[in-house]
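Close look at the chain arrangement
The chain contents come next:
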Amino acid sequence: MILEYVVIGAGIFISHFLNGTNAFEISGYKPDFMVLFVLFFALRRGTMAGIWIGFFGGLLSDSGLGGEIVGNVVTYKIGLHSLTFCLMGYIVGKFARPAYHENQISIMLYSLVVTLVTRVATYFLFSLFFHENLNYSIFSTSIFNAIIAPIFFWILGKLYRLEQAEA
């Protein structure tokens, strides 16, 4: 049981590392591996896995943002990704999991829609609490995630030895 959590935690760190590397960057656009990781576990394990992996993966993503100096105050954007990833993990695990079928088209569609909605929500929260980030890619990241999602899901399925869970 503990080993399973350690391995999932290692997967969260690897997804965070992959988000930070430029190895998958094409023309300035990169995929968001953390969204795919949370989506994978929300579809395979359900709401609780989606919530917890979304929470910790989001906190790790938020910690990578660093601080921003506004006037004489340093502000940290902790909790924005965590909130959106938790909500995404819950909603996908609760409502999308029963209709999920393990094929490439459904994986691509889920990835496209979930990444798009998650990135729009995160952008909205950034704009609401801080300022607009004009470099925050929404559509290109969503399309990139949809393209690589079947391969990423296949790799995660083999690594975690998870078959599609019954709803």
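Residues numbered from 1 in each chain as written. Predicted model: local features only at pLDDT ≥ 70, side-chain atom pairs only at ≥ 80, totals over all residues. Heavy atoms only, no water.

- The protein has the name Rod shape-determining protein MreD in an unreviewed UniProt entry, where Leptospira langatensis is given as its organism.
- Of the comments in the UniProt record for the protein, the one headed Subcellular location (unreviewed entry) reads "Cell membrane".
- The UniProt entry for the protein carries the following comment under Sequence similarities (unreviewed entry): "Belongs to the MreD family." (UniProt positions renumbered as here; feature names shortened; annotations may be inferred.)

1. A closer look at the overall build of the protein
- Along the backbone of the protein there are 6 helices and 2 strands.
- The linear arrangement of helices and strands in the protein, starting from the amino end, is α-α-α-β-β-α-α-α.
- For the protein, the C-alpha radius of gyration of 16 Å lies close to 15 Å, the compact-globule estimate for 167 residues.
- Taking the principal axes of the C-alpha coordinates as reference, the protein spans close to 50 × 35 × 30 Å.
- Split into buried and exposed, the 167 residues of the protein put 43% on the buried side.
- Of the roughly 9,500 Å² that the protein leaves accessible, carbon and sulfur atoms contribute 69%.
- Each charge sign in the protein was given a centre, from 9 positive and 9 negative side chains, and these centres are 6 Å apart. (Helix = DSSP H or I, 4+ residues; strand = E, 2+ residues; numbered from the N terminus. Rg over C-alpha atoms; globule rule 2.2 N^0.38 Å. Buried < 20%, exposed > 50% of the residue type's maximum accessible area, 1.4 Å probe, protein only. Areas by Shrake-Rupley, 256 points an atom, 1.4 Å probe, with all protein chains shown as cover. Lys, Arg positive; Asp, Glu negative; His and termini not counted. Charge placed at Lys NZ, Arg CZ, Asp CG, Glu CD.)

2. Some details on a nonpolar patch on the surface
- A cluster of nonpolar residues, I105, M108, L109, L112, V113, V117, I143 and I147, forms a patch on the protein surface that exposes about 720 Å² of accessible area.
- Only α5 (104-129) and α6 (139-160) provide two or more residues apiece to the nonpolar patch.
- Considering every element that reaches the nonpolar patch, the biggest residue donor is α5, with 6 residues.
- Mapped onto the elements, V113 comes out in helix α5. (Patch = residues over 30% accessible without salt bridge, like charges linked within 9 Å, V, L, I, M, F, W, Y side chains within 5 Å. Salt bridge = Lys/Arg side-chain N within 4 Å of Asp/Glu carboxyl O.)

3. Points about α5
- Here α5 spans 37 Å end to end across 26 residues, near enough to the 38 Å set by a 1.5 Å rise per residue.
- If you check which residues of α5 are buried, you get S106, I107, Y110, S111, V114, T115, T118, R119, T122, L125 and F126.
- Summarising the contacts, the buried residues of α5 are in contact with α2 (33-45), α4 (80-96) and α6. (Expected span 1.5 Å × (residues − 1). Contact = heavy atoms within 4.5 Å.)

4. Notes on the packing of α4 against α5
- Between α4 and α5, whose axes approach to 10 Å, the crossing angle comes to 145°. With respect to the hand of their crossing, α4 and α5 are arranged in right-handed fashion. Along its contact with α4, which presents L80, H81, L83, T84, F85, M88, V92 and A96, the element α5 presents Y110, V114, T118, A121, T122, L125, F126 and F129.
- In terms of residue class, the contact of α4 with α5 is built from 12 nonpolar, 4 polar and no charged. (Axes fitted to C-alpha atoms, helices over the stretch in contact; angles between N-to-C directions. Left-handed = near helix turned anticlockwise from the far one by under 90°. Nonpolar A, V, L, I, M, F, W, Y, C, P; charged D, E, K, R; others polar.)

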